[in-house]
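Structural description and commentary
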Protein chains: 2
Amino acid sequence: MRRGADAGPMPDPVIPTAPERQALSEICDWALRLAEGEGAPKFTAAILHGDAEIARARNEVAATCDPSRHAEIVAIAAAARRLGRRDLSGHTLLSSCQPCEMCLAAMRWARIDRLIFAARRESLGAGFFQFGALDIGDLARASGHAFAYLGGVGEARVLPLYRPQDESGDA
Amino acid sequence: MRRGADAGPMPDPVIPTAPERQALSEICDWALRLAEGEGAPKFTAAILHGDAEIARARNEVAATCDPSRHAEIVAIAAAARRLGRRDLSGHTLLSSCQPCEMCLAAMRWARIDRLIFAARRESLGAGFFQFGALDIGDLARASGHAFAYLGGVGEARVLPLYRPQDESGDA
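Residues numbered from 1 in each chain as written. Chains lettered and ligands numbered in written order. Predicted model: local features only at pLDDT ≥ 70, side-chain atom pairs only at ≥ 80, totals over all residues. Heavy atoms only, no water.

What follows is about the interface of chain A and chain B. Residue-level contacts link 48 residues of chain A with 47 residues of chain B. Contact with chain B buries surface across chain A, with Arg86, Trp109 and Phe131 of chain A losing the most and accounting together for 23% of the total. Here chain A is connected to chain B by two salt bridges. Between Asp66 of chain B and Arg69 of chain A there is a salt bridge; the shortest N-O distance is 3.2 Å. Taken together, chain A and chain B are joined by eight residue pairs in polar contact (both at pLDDT 80 or more). (Contact = heavy atoms within 4.5 Å. Buried area = accessible area lost by both parts, 1.4 Å probe. Salt bridge = Lys/Arg side-chain N within 4 Å of Asp/Glu carboxyl O. Polar contact = N/O pair within 3.5 Å; in protein donor to acceptor, adjacent residues only side chain to side chain.)

This is the structure:
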């Protein structure tokens, strides 16, 4: 897998800003509230630009009967619609749980290059990813280090959401 | 990247059925017609079950201002909606062009394990993929050989669609 595209320089480590920490904490609260009412797992995401929250979303897979409507995908779509453009360069994607491969690629189609999430894959049960032998570091390298990421921010609080295993991993 | 999940047995090679060849040919015709009217590239996809076409779709990224609405994603969503379930096991995904990583993962969220496409990545220009150092074989192995695929069916006819390079690769 190590071919030309992984030759890019490593991006600087991600140090969350205060607005990013705040928004991530809020979407995690939201996921916890959703799980209380509807059961776990629940997934939430947001798009930030500086200290402005552009979009916030939850997983809509079941509600729409569309396997692709993960929280991150819905948030990206909402942000693009709100801004009237598909290029979200300079924005941050926040997620209550490490984005799957579909969502990571969608993030890059939107040219987002900064990602912060709470629950990390290595802390989860099985079933939340499709290309299991590749981790997010492999995908970042395979993108030529086109994005920087930080996982585990506020993880302990949301982990109970993702431990009771939903077989489909997509609720 | 070679960890446990790639331990599954290799699936049998994909030999397209007559209905699959016919539907693939038709969506390629459609992409060619769209490009005549609107310019290239144009992407189309379909979902088949046996000889029944469940859904047919084109890329809707520009039309919806949603970076995730690639033809494959739209076709999967349409099929799931039509059938009233997100599990499309036993269906075939057909595409005029090799699906990107986002669409491959979406295909697996829908439990589709059979994929046939026309234009192959190695025949295209750059810009249609996000994790460029990984090819579809890497992703299939990383999924534990959870799907079988065949690319290049009727490729020559559609290649002109994907050679004139659109920078965004998503029209």
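Attention shifts here to the packing of helix H3 (residues 71-83) of chain B against helix H4 (residues 101-109) of chain B. Residue and element names in this part refer to chain B. Relative orientation of the contacting elements H3 and H4 amounts to 20°, with a least axis distance of 9 Å. For the element pair H3 / H4, the angle class is roughly parallel. Here H3 runs over H4; the crossing is left-handed. Of the residues in H4, those in contact with Glu72, Ile73 and Ile76 of H3 are Met102, Cys103, Ala106 and Met107. Tallied by class, the residues present in the contact of H3 with H4 amount to six nonpolar, no polar and one charged. (Axes fitted to C-alpha atoms, helices over the stretch in contact; angles between N-to-C directions. Helix = DSSP H or I, 4+ residues; strand = E, 2+ residues; numbered from the N terminus. Parallel < 35°, antiparallel > 145°, perpendicular 65-115°, else oblique. Left-handed = near helix turned anticlockwise from the far one by under 90°. Nonpolar A, V, L, I, M, F, W, Y, C, P; charged D, E, K, R; others polar.)

Applying the stated criterion across every chain yields a total of 19 salt bridges over all chains. A salt bridge links Arg141 of chain A to Asp138 of chain A, with the shortest nitrogen-to-oxygen separation between them at 2.8 Å. Placement of both Arg141 of chain A and Asp138 of chain A in helix H5 (residues 136-142) is noted, with a separation of three residues, approximately one turn of the helix. With its nearest N and O atoms 4.0 Å apart, the salt bridge here joins Asp87 of chain B to Arg111 of chain B. One end of the pair, Asp87 of chain B, is in the loop between H3 and strand E3 (92-97); the other, Arg111 of chain B, is in the loop between H4 and strand E4 (114-119), and 24 residues separate them in sequence. A relative accessible area of 35% means that Arg111 of chain B is categorised as partly exposed. Put simply, Glu26, Glu53 and Arg56 of chain A are held in one network by salt bridges that share partners. (Buried < 20%, exposed > 50% of the residue type's maximum accessible area, 1.4 Å probe, protein only.)

Take the sheet that holds strand E3 (residues 92-97) of chain A next. Residue and element names in this part refer to chain A. Taken together, five strands build an open sheet; the order of strands is E2-E1-E3-E4-E5 and the sheet is mixed. Edge positions in the sheet fall to strand E2 (52-58) and strand E5 (148-151), since each has one partner strand and no second. On average, each strand axis in the sheet is tilted by 15° relative to the strand beside it, whichever way the strands run. Strands strand E1 (44-49), E2 and E3 of the sheet are contacted by helix H3 (residues 71-83), whose axis makes an angle of about 140° with E2. Contacts from helix H6 (residues 155-162) reach E3 and strand E4 (114-119) within the one sheet, and its direction differs from that of E4 by about 70°. (Pairing = 2+ DSSP bridges.)

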